[in-house]
Amino acid sequence: MAKCIYSILDKAVSTYNLDKSEILYLLKTEENDKIFSAADKVRKKHVGDKVHLRALIEFSNYCKQNCLYCGLRRDNAKIARYRLETQEIINLANKAAEYGYKTIVLQSGEDLYYTINKMSKIISEIKKFDVAVTLSIGEKTFEEYKAYREAGADRYLLRIETTDEALYDKLDPGMSLKNRTRCLEDIKRLGYEVGSGIMVGLPGQTIESIAKDIIYLKSIPVDMAGIGPFIYHPDTPIEKIEGNFFELALKVMAILRLLMPDINIPATTAMETLNPNGRLIALQCGANVVMPNATETAYRKHYEIYPGKICMGDSPKHCRFCIENKIKSINRNVAESKGYHRSNS
Ligand code: 5AD
Ligand code: SF4
Ligand code: FES
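Conventions adopted
Residues numbered from 1 in each chain as written. Chains lettered and ligands numbered in written order. Predicted model: local features only at pLDDT ≥ 70, side-chain atom pairs only at ≥ 80, totals over all residues. Heavy atoms only, no water. Pairing = 2+ DSSP bridges. Helix = DSSP H or I, 4+ residues; strand = E, 2+ residues; numbered from the N terminus. Axes fitted to C-alpha atoms, helices over the stretch in contact; angles between N-to-C directions. Contact = heavy atoms within 4.5 Å. Near = heavy atom within 4 Å. Polar contact = N/O pair within 3.5 Å; in protein donor to acceptor, adjacent residues only side chain to side chain. Areas by Shrake-Rupley, 256 points an atom, 1.4 Å probe, with all protein chains shown as cover. Buried < 20%, exposed > 50% of the residue type's maximum accessible area, 1.4 Å probe, protein only.

Engineer: Would you explain the sheet that holds strand S2 (residues 55-60) in this entry?
Structural biologist: Taken in spatial order, the 6 strands of this open sheet run S2-S3-S4-S5-S6-S7, and their pairing is parallel. Whereas interior strands pair on both sides, the edge strands pair on one side only; in this sheet they are S2 and strand S7 (224-229). Going from strand to strand, the sheet's axes swing by 20° on average, the running direction of each strand aside. Bridge count between strand S3 (residues 103-108) and strand S4 (residues 132-136): 5 bridges; the pairing is parallel. Of the residues in S4, the one forming a bridge with Ile 104 is Val 133. Across the sheet, helix H9 (residues 207-219) lies against strand S6 (193-200) and S7, angled at about 175° from S6, the strand it touches most.

This is the structure in structure tokens:
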């Protein structure tokens, strides 16, 4: 029997498994609404209506890496670099905890300034605020990951970006897919909740490779998957692309929800950058997490991974209440728990 959207979606919602050709069918079809509504139902059934908020603290925009697509790459001399001191980071996290956030995400470029000692101190101090701590600070050695886990970090975010090795080598000079997967394996082995994900719309990326990315994320398996559309940054060497990858990124996200029904899936900032309602749309197509910015306003404009990032002129407090109101406007509520994946099942 020839495959059709209904048979594939039926299979997905009853087995949570699709083979590569079926994933490709979904990626290629124009019947996106059917996929989105199936993902929304699966989200509701498995993780419910609560939305988990994660406070994002962008504590340093220094980066030793040179990813072709990213505004923080080391060769971008046009951005003003900043880094926050230990106590400033702890204070910001404290403030975020007071605003009711139950998870603090510490994100930076790959900045060697933060030694194991500094980072461990930051983590252990923030853990005193009764929050979950997520790190998003890039590729490290097993020993570093181990030290941070022992200091109290609960989760780690490291997007694989793409599993297409040729594309990876081209876009991430000096880095390798092999080391990236090693990092994710170490993170998993150390008992962190693992967050990964990809960018959708990278120049040279194929639909075929996105299908493989989805299969890879399921194989880890991830506890959290963040999917963001690629957004061209003029201060990078990457070729300019036409097109807006919001819809395709949304579809990749929805397919992940179908295949991994109880994981945490954020409605990403990059989605909202391309669509003024992007996060609320994503929350209705499979997502159950939002990561509002909790960085002080003055630093935000310098953390320009891609242009047009939302919330640039806003304060941590403003974003906290803005997002809660948005969430309520679609009849959903902010969760009060820490939102571990393991407690979803
Ligand atoms: N457009 C969209 N997302 C980007 N990232 C980096 N550069 C871009 C870009 N130009 C994403 C990467 C990285 C995350 C922090 O930001 O996926 O993991
Ligand atoms: Fe650095 Fe991450 Fe940007 Fe790559 S994507 S240049 S590692 S901040
Ligand atoms: Fe930052 Fe709405 S979440 S302004």
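Engineer: Would you mind going over the site of ligand 1 with me for this structure?
Structural biologist: Neighbouring ligand 1 are Tyr 69, Cys 70, Arg 159, Glu 161, Met 199, Pro 229, Phe 230, Ile 231, Ile 305 and Tyr 306. For ligand 1, a nitrogen atom lies 2.9 Å from a polar atom in the backbone of Tyr 69. A distance of 2.6 Å is found between an oxygen atom of ligand 1 and a side-chain nitrogen or oxygen belonging to Glu 161. In the complex, the protein chains occlude 86% of the 410 Å² of accessible area that ligand 1 would expose alone.

Engineer: Mind showing me how you'd approach the environment of Met 312 here?
Structural biologist: On the secondary structure map, Met 312 appears in the loop between helix H13 (297-300) and helix H14 (316-329). Residue classification places Met 312 among the partly exposed residues on the basis of a relative accessible area of 24%. Measuring from C-alpha to C-alpha, the distance between Met 312 and Thr 295 comes to 9.8 Å, with 17 residues separating the pair along the chain. Beyond its immediate stretch of four places on either side in the chain, Met 312 contacts Thr 297, Arg 300, Lys 301 and Glu 304.

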